[in-house]
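Overview (structure and organization)
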Amino acid sequence: MTNPFLTPSALPYRLPPFAEIREEHYVPAFERGMAEHLAEVDAIASDPAPATFANTVEALERAGETLQRVSIVFFNQAGSDTTPGIQEIQKEITPKLAAHGDSIHLNAALYARLKAVRTDVPEEQWLLQRYLTDFVRAGAELDEGQQARLRAINEELSGLATSFQQNLLADTNERAVAVDDASALDGLSADEIAGLRETAAQRGLDGKYLITLVLPTGQPVLSSLTDRSLRERVHRASTGRGAANAGLITRIARLRRERANLLGYRNHAEFVLADQTAGTTGAVTEMLDKLVTPAVANARREQEALEEQAGFPIEAWDWAFYAEKVRQARYDIDSAAMRPYFELNRVLVDGVFHAAHRLYGLSFTERPDLIGYHPDVRVWEVANEDGSPLGLFLGDFHARASKRGGAWMNSLVHQSGLTGHRPVVVNNLNIVKGEPTLMTFDEVNTMFHEFGHALHGLFSDVRFPRFSGTSVPRDFVEYPSQVNEMWATHPEILANYARHHETGEPMPGELVDRMLEAQKFNQGFATVEYLAATLLDWAWHTDYEGGDAETFEVAALRGAGLDLPAVPPRYRSTYFAHIWASGYAAGYYSYIWSEVLDADTVDWFTENGGLTRENGDVFRSRLLSKGGSADPMEAFRAFRGRDPRIEPLLERRGLL
Ligand SMILES: [Zn+2]
């Protein structure tokens, strides 16, 4: 049996040969990949020649190819299309990968060689510095006893993260709300009801209707279901998710604190922030403090308006419903009536791709001959204005039971001048498939957002793989993606994609105006639910020392002044996958931190004539192409000509 991971892909752009990959290929490829990588690292560490940039840093950049090939494909599948077999392998392999990483970072001979390397080339100095920082943060300066404890902590943490993710997926599927009678679904459209019936049938519940759960607390159906008791059922199903994770997360939080202490930090947040653009926990706290009071005041004002509309004090499961009513009354906007203007393929091609064409001159050619990892995955070849090839873009837009919740971008092949690889990236969304698939405006916005990450990967023009594309600090990575959201509401882009899926009629101009106006409504809610999740993440990684998860969560929200019963956090602790299983621990603040840069950049585009090729080229060359190869804030300053200002963000969110 030949294992497709053991040789470079022969497909265009080194697209992984998904059609040949079987589950039984993973474990042998991981084992072989780790062994090869260790042998390469040992050869570098024991090289008798004096340490140079080429024989040490560059050699490390080239090492571990097989391991990288299998890891990328495996973790992509574990997130997008998992199976019981994949879950088993994940449980087995993640602790081994953690141990593998430690055995490299804690290799004393290798670390000594890195410290001996000298170079005058700025990009090489930046990379060398990056390596030294990585090694120190992984424990290279600790004594042997401390290193042994660190290895044990990392191994346990990797297993806990996998368990968290698997429990959450199982519980999210389990807690989908089954409805016996269509009459309880009043408020939903006939298409939506048919979709719920179809979903139920797919999961063996013929004749019933199944409301599946999306990752955040707020469930889309809550804005339209008129049956209040069903709304409450759906809301409770959502907020009760992940009960099996309560014990896991307290363990994770304690281990993270212990690891931070070993490395000389008071807590995990301090450890994380030392390597972010924000720099210190104080800088983050200072910013959050500015936002909480005005955001809560806004949410309370909104709640009054909703209660006036409802005629009674509202609960969390009423908010979206009455917000929709107020929106309809104030702006004469019916969210459901807008969906026919947001057909998925049109939004993608005439919206997302069109904006990238106008700004950057990109063209997209669908390649049905190239196979993704699931029948739903579509592949496009992306080319520059002069026709030169740029990379591949894969789109995996639909929800399924085997996919984790949320939306994200993955890099399947990292661009690098050193390896000669061009980028291959994938966007994952969770849009319920329809005939045709009609989206909410939030989903449209998410599609533009994720494509902003995709552009960051596709435009990468760096020499070293370590710096490729989105390899930037966590609190910077959401910046390019949020900037790309601005094109979703740009008049020329919107007019191009928002057309009725049956008639082809453009969305009427006055409806567009009202929709844009209505976007400003409910910002208090959106900001508070986000801040509540952020402060929860923050509390877990600064204050937590022990005790049960529920009690800690309640106290943390109260302490932050964010315990509004009608505005629950965007994620409660037990299903907050970002911070327990996705690398956003003490990093959920990143979205609003990046949004400062985003709002300031939107102003830059506006000041400079908006949607033009010139503006696109400036943003691409000074920012998107840089990846992690330069100091991110210096790249921002080079682009903007000054430090970022917070005022555009405050204005946008109604917080001035
Ligand atoms: Zn993002």
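Residues numbered from 1 in each chain as written. Predicted model: local features only at pLDDT ≥ 70, side-chain atom pairs only at ≥ 80, totals over all residues. Heavy atoms only, no water.

Let's shift gears to the nonpolar core. Of all hydrophobic cores here, the largest spans 140 residues; its most connected members are F342, F448, Y497 and W540. The biggest single contributor to this core is helix α20 (residues 523–542), with 11 residues. Residues in contact with Y497, not counting those within four places in the same chain, are Y341, F342, R346, V347, D350, G351, F441, V444, F448 and A488. One finds F18, Y26, L97 and L392 within the second-largest nonpolar core, a separate group that totals 29 residues. (Core = buried A, V, L, I, M, F, W, Y, C linked by side-chain atoms within 4.5 Å. Buried < 20%, exposed > 50% of the residue type's maximum accessible area, 1.4 Å probe, protein only. Helix = DSSP H or I, 4+ residues; strand = E, 2+ residues; numbered from the N terminus. Contact = heavy atoms within 4.5 Å.)

So, on to the side chain of R572. Looking at where R572 falls in the secondary structure, it is placed in the loop between α21 (549–559) and α22 (577–581). Judged by its relative accessible area of 19%, R572 is buried. Looking at R572, its side chain comes within polar contact range of the main-chain oxygen of T239, at 3.1 Å. In this view, R572 contacts T217, T239, L536, E550 and E553; residues no more than four positions away in its chain are not counted. (Polar contact = N/O pair within 3.5 Å; in protein donor to acceptor, adjacent residues only side chain to side chain.)

Moving on, we get to the coordination of the zinc ion. The coordination sphere of the zinc ion, as far as protein atoms go, consists of H449 (NE2), H453 (NE2) and E478 (OE), spread over 2.1 Å. For the zinc ion, the donor residues sit on a single chain with the sequence spacing H-x3-H-x24-E. With H449 in helix α16 (residues 441–458) and E478 in helix α17 (residues 474–485), this pair connects stretches of sequence that are 29 residues apart. Residue H449 shares its accessibility class with E478, and that shared class is buried. (Donors = N, O, S within 2.8 Å, 3.2 Å for Na, K, Ca; no water.)

As a further point, take the packing of aromatic side chains. Going through the model one piece at a time under the given rule, you end up with 47 aromatic pairs. Judged by centre distance (6.2 Å) and plane angle (50°), the ring pair of Y331 and F521 falls under tilted. A residue pair is termed long-range when its members are at least 10 positions apart, and Y331 in helix α13 (residues 316–331) and F521 in the loop between α19 (509–519) and α20 qualify at 190 residues. Take F521: its relative accessible area is 6%, and that puts it in the buried class. Each ring, one from Y571 and one from F576, has its centre 5.1 Å from the other, and the planes form 15°; the classification is stacked. For Y571, a relative accessible area of 4% gives the class buried. Under the relative-accessibility criterion, F576 is labelled buried at 0%. An aromatic cluster of three or more residues is present, and its members are F476, Y479, W487, W604, F605, F619, F636 and F639. (Phe/Tyr/Trp six-rings, centres within 6.5 Å; stacked < 30°, edge-to-face > 60°.)

Time to look at the pattern of salt bridges. According to the stated counting rule, one finds 47 salt bridges in the structure shown. Across the pair E545 and R257 runs a salt bridge, and its minimum N-O distance is 3.8 Å. Taken as a pair, E545 in the loop between α20 and α21 and R257 in helix α10 (residues 246–262) lie far apart in primary sequence, 288 residues in all. Take R257: its relative accessible area is 17%, and that puts it in the buried class. In this structure, D369 engages R367 in a salt bridge whose closest nitrogen and oxygen atoms are separated by 2.9 Å. Salt bridges linked by common partners bring D81, D376, D396, R400, K403 and K433 together as one network. (Salt bridge = Lys/Arg side-chain N within 4 Å of Asp/Glu carboxyl O.)

Before going further, it helps to examine the sheet that holds strand β3 (residues 363–366). Sheet architecture is open: five strands sit in the order β3-β4-β5-β7-β6, paired in mixed fashion. Looking along the sheet, the strands with just one partner apiece sit at the ends: β3 and β6 (408–413). Neighbour-to-neighbour, the strand axes of this sheet turn through a mean angle of 30°, independent of strand direction. On top of the sheet, helix α3 (residues 65–80) reaches β5 (389–398), β6 and β7 (424–431); it is set at about 155° to β6, its chief contact. Helix-sheet contacts for helix α15 (residues 344–360) involve β3, β4 (378–383), β5 and β7, and the interaxial angle to β5 is about 150°. (Pairing = 2+ DSSP bridges. Axes fitted to C-alpha atoms, helices over the stretch in contact; angles between N-to-C directions.)

Turning our attention to the pairing of β4. With four bridges connecting them, β3 and β4 associate as antiparallel partners. By the bridge assignment for β4, S363 is matched with A383. Where β4 meets β5, six bridges bridge the pair, whose relative direction is antiparallel. Across the sheet, residue E381 finds its bridge partner in β5, namely L392.

As a further point, take the side chain of T119. Within the secondary structure, T119 sits in the loop between α5 (108–116) and α6 (122–137). Separated by 2.7 Å, the side chains of T119 and E124 make a polar contact. What T119 contacts, discounting residues up to four positions off in sequence, is F53, E124, Q125 and L128.

This part covers the environment of R622. Assignment of secondary structure puts R622 in helix α24 (residues 613–622). Judged by its relative accessible area of 38%, R622 falls in the partly exposed class. When the C-alpha positions of R622 and R151 are compared, they lie 39 Å apart, and in sequence the two are 471 residues distant. When near neighbours in sequence (up to four residues on either side) are disregarded, R622 contacts A635, A638 and F639.

Next up on the list: unusual backbone geometry. The step from E435 to P436 runs through a cis peptide bond, and the omega angle for that step is 0°. The residue P436 is located in the loop between β7 and α16 in this model. At Y13, a position not held by glycine, the phi torsion is positive, near 60°. The residue Y13 is located in the segment before α1 (26–45) in this model. By relative accessible area, Y13 is classed as buried at 15%. Positioned with a positive phi, D332 is a non-glycine residue whose angle comes to about 55°.

Another aspect to go through is the environment of S411. Along the polypeptide, S411 turns up in strand β6. In the structure, S411 is positioned 104 residues away from M515 in sequence and 34 Å away in space, judged by C-alpha atoms. A distance of 3.5 Å separates a polar atom in the side chain of S411 from the backbone oxygen of V413. Only 2.8 Å separates the side chain of S411 from the side chain of H414, close enough to count as a polar contact.

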